[in-house]
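Close look at the chain arrangement
Here is how the chains run, residue by residue.
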Amino acid sequence: MVSGILTGAVSRGVAGLVPIALIPVTLRYLGPDLYGLWMTVTALVGMAAFADLGLGNGLMTKLAPCYASGATAEARRYISSAYLCLSLLAAVLVGLLWSLSAAVPWARLFHTTDSATPDDARRMTLVCLTAFVVNVPLSLITRVQLAYQRISAANLWQGCGNLVALPLAVGAVAANLSPVLVVAATVVGPPLVNLVNSLWFFGRRRSDLRPGLTVADTAVAARLLRLGGLFLAVTVLTGIATNVDLVIVTHALGLHEAAAYAVPMRLFAQLGFVVALVSAPLWPANGDALARGDLAWVRRMTRRMTVVSAALVLALGGLLVLVVSLVPTVLGLAVTPDVTLLAGLLAWWLLLATISPRFMVQNAAGVVRPQLLGWSLYVVVSLPAKWYGVRQFGSASVPWIGLVTYLATVVPAALHGFRSALARHTRPPAGSTAERSLAAPAAT
C-alpha cells in the first residue's frame, strides 16, 4: 500500500512535469499557431477518455478474486477476452478514423491559418487519436498488474511512458523533423512503453496469464462488458457532476466571475490527485481480501485510509487556502477570493476523501449499482440547485450546495453499497449450522 502510494506520486508527478518541460522545446519549434492547434487536438483526444467502455475497471475487479484463489485459467480467460474486445474496438475505430478523415471540415473545426493548415490539422489529429486508440488495449497491462498486486511496477511503467516523450521530442526537434513527427514523438511513448511492459510481464513474469485468441470466451466477454458498462456509466456521471460547476458559473454570472472562480477551483482540484493516490491501491487489495473472506482487514483498512486520506486533504487544502488568500496576485487574480468559496472547496474535497475508501470496497466487489443510483440523483438534484444558488448567492455557494447534495444523495448510497459489498462476501463461521447445512449436499 505504501509503495503503491509513493510510486503513484512519482508517476503522477512525471505526468504533470513532462508537459511543462515540453513547452519551451515544442512552442519554439512549432510556433504559436501549430502549437495552439496541437493543444486543441490534445483537448479533443481527452474527450475520448471513455473509449475502453469501462472494461479496464471491470477486468481489475474480476481478476482480484482469481489472484486470491489462484484461479489462473479463469484469469487468463478474462484477460484474453478483454484484450480481444478492446483490440477489435481499436481496429474498428482506427479504420473509421483514417477512412473518414477526408470528409471532416478541418478548416472550420480548428479555425486553421496559413501557418497551421487544414492538412496539418488532419495529420495531427490522426496521429494523436491513433496513438490514443492503439493504447486502449495496450493499457490493459496496467489493470492486470494492479489486480496481481504489482502496484509499484504498474506505476513506474506508467511514469516511464510519460517520461519517454521528453527525449523523443527533443530528438525530433534536433533532427529537424516535420511538426507532425514532433507531435508524434510526444504521443508514442505510452503505447510503446505499454507494449514493452506487456511483452515483459506476459513473457517473463507471468507467462501463465498470457492472452491467447483461443482462450477468449464470448460468455466471459459479455460479463466483462456488463460490468464495464456500469463502471462507464458511473465515470460519465462523475465526470459531468465534477466538471459542470464552471459552466454554471459562466452562464449565470459571466466570464469575469468565471475567471475568478476557475483559478481556486483548478488549484483545489489537485486535491483530487491526493485522493486518487491514496485510494487506488485499495481497489485490488480489497478485491484480494474480499475473495479470501478477510472482512476484518477490509473494515480496518477502510477506517485507516479514511483517516489518512482526510488528513492529507485537510493539510494540503489548508495550505492552499493560505496561499490563495495571501498571494492572489501571484496566481493572476485581480481580487482575493471569497473565504467562503475557499472553505467550501476544501470541505468538498474533504468529504470526497472520507467516502472514497468505501467506494474502493464496492469497486473491488463489483457492487456498482448503488454508486450509479447515488451519482444519478446527485446530478439531477445538484444542477438546478447550483444554478439557483449561483443566481441568488454568488459563485461561493457552488461547493456548499454540492456538499449538501452529496450528503443527501451519494453518501447514503455509498454506505449502503459498502454494507452490501461486505455482506456479499460474508462467510459463515467454521462449524456453524449454516456451514454444515451448506456442506451437507456436497457430502451427499
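Summarised in this report is the structure supplied together with it. (Residues numbered from 1 in each chain as written. Predicted model: local features only at pLDDT ≥ 70, side-chain atom pairs only at ≥ 80, totals over all residues. Heavy atoms only, no water.)

Turning to the overall build of the protein chain, a few remarks are in order. Along the protein chain, the regular secondary structure elements total 20 helices and zero strands. Projecting the C-alpha coordinates of the protein chain onto the three principal axes gives extents of approximately 80 × 55 × 40 Å. In the protein chain, buried positions account for 46% of the 444 residues. Long-range pairs, those at least 24 residues apart, make up 82% of the contacts in the protein chain between residues at least 6 apart in sequence. By element, 68% of the accessible surface of the protein chain is carried by carbon and sulfur atoms, the whole surface being about 20900 Å². Counting 30 positive and 14 negative side-chain charges, the protein chain places the centres of these two groups 11 Å from one another. (Helix = DSSP H or I, 4+ residues; strand = E, 2+ residues; numbered from the N terminus. Buried < 20%, exposed > 50% of the residue type's maximum accessible area, 1.4 Å probe, protein only. Contact = heavy atoms within 4.5 Å. Areas by Shrake-Rupley, 256 points an atom, 1.4 Å probe, with all protein chains shown as cover. Lys, Arg positive; Asp, Glu negative; His and termini not counted. Charge placed at Lys NZ, Arg CZ, Asp CG, Glu CD.)

Side chains of Leu-17, Ile-20, Ile-23 and Leu-27 sit close together on the surface and give an oily, nonpolar patch of about 360 Å² of accessible area. Turning to its location among the elements, Ile-23 is positioned in helix α1 (residues 2–46). (Patch = residues over 30% accessible without salt bridge, like charges linked within 9 Å, V, L, I, M, F, W, Y side chains within 5 Å. Salt bridge = Lys/Arg side-chain N within 4 Å of Asp/Glu carboxyl O.)

Further remarks concern the nonpolar core. Within the largest apolar cluster, 92 residues are counted, with the highest numbers of intra-cluster contacts made by Leu-59, Leu-63, Phe-268, Trp-375 and Tyr-406. In terms of residue count, the dominant contributor to this core is helix α17 (residues 339–365) (16 residues). Not counting residues within four places of it along the chain, the set of residues in contact with Leu-63 comprises Ala-75, Tyr-78, Ile-79, Val-144, Ala-147 and Tyr-148. Ranked by size, the runner-up nonpolar core spans 18 residues in total, among them Ala-116, Ala-121, Met-124 and Leu-129. (Core = buried A, V, L, I, M, F, W, Y, C linked by side-chain atoms within 4.5 Å.)

It is worth spelling out the packing of aromatic side chains at this point. Summed over all chains, the structure comprises 11 aromatic pairs. Between Phe-231 and Trp-283, the aromatic rings sit 5.4 Å apart at their centres with planes inclined by 35 degrees, giving tilted as the arrangement. Of this pair, Phe-231 sits in helix α11 (residues 218–243) while Trp-283 sits in helix α15 (residues 282–292), placing them 52 residues apart in sequence. As far as the burial class goes, Phe-231 and Trp-283 line up, both buried. Centroid distance Tyr-378 to Tyr-406: 6.1 Å. Interplanar angle 75 degrees. Geometry classified as edge-to-face. Here Tyr-406 lies in helix α19 (residues 397–424) and Tyr-378 lies in helix α18 (residues 369–393), a separation of 28 residues in the sequence. (Phe/Tyr/Trp six-rings, centres within 6.5 Å; stacked < 30°, edge-to-face > 60°.)

To continue, consider the packing of helix α14 (residues 271–279) against α17. The contact between α14 and α17 brings their axes to 10 Å, and the two run at 20 degrees. The angle between the axes of α14 and α17 places the two elements in the roughly parallel class. α14 and α17 meet at a crossing whose hand is right-handed. Each of Leu-271, Gly-272, Val-275 and Ser-279 in α14 lies in contact with α17, whose residues at this interface are Leu-346, Trp-349, Leu-352, Ala-353, Ser-356, Pro-357 and Met-360. Partitioned by chemical class, the residues of the contact of α14 with α17 number eight nonpolar, three polar and no charged. (Axes fitted to C-alpha atoms, helices over the stretch in contact; angles between N-to-C directions. Parallel < 35°, antiparallel > 145°, perpendicular 65-115°, else oblique. Left-handed = near helix turned anticlockwise from the far one by under 90°. Nonpolar A, V, L, I, M, F, W, Y, C, P; charged D, E, K, R; others polar.)

Looking now at the state of the cysteines. A full pass over the atoms with the stated rule returns zero disulfides. For Cys-66, which is in no disulfide, the shortest distance to another cysteine sulfur is to Cys-85 and amounts to 16 Å. On the accessibility criterion, Cys-66 (3% relative accessible area) is buried. A residue is classified by how much of its surface remains accessible, and Cys-85, at 21% relative accessible area, is partly exposed. (Disulfide = S-S within 2.5 Å.)

Moving on: the pattern of salt bridges. All told, the structure shown has six salt bridges when counted by the stated rule. For Asp-208, the salt bridge is made with Arg-206, and the minimal N-O distance between the two is 2.9 Å. With a relative accessible area of 17%, Arg-206 lands in the buried category. Among the salt bridges present, the one from Arg-292 reaches Asp-288, with a minimum N-O distance of 2.5 Å. In this pair, Arg-292 and Asp-288 are both assigned in helix α15, four residues apart and thus about one turn of the helix distant. A relative accessible area of 47% places Arg-292 in the partly exposed class.

By the criterion of burial, α15 is predominantly enclosed, with nine of the 11 residues buried. Those residues of α15 that fall on the buried side of the exposure criterion are Leu-282, Trp-283, Pro-284, Ala-285, Asn-286, Gly-287, Asp-288, Ala-289 and Leu-290. Where α15 terminates, the next one or two residues include Gly-293, which has phi positive at roughly 80 degrees.

What follows is about the environment of Tyr-35. Here Tyr-35 shows up in helix α1. The contacts of Tyr-35, once residues within four sequence positions are left out, are Ile-23, Thr-26, Leu-27 and Leu-30.

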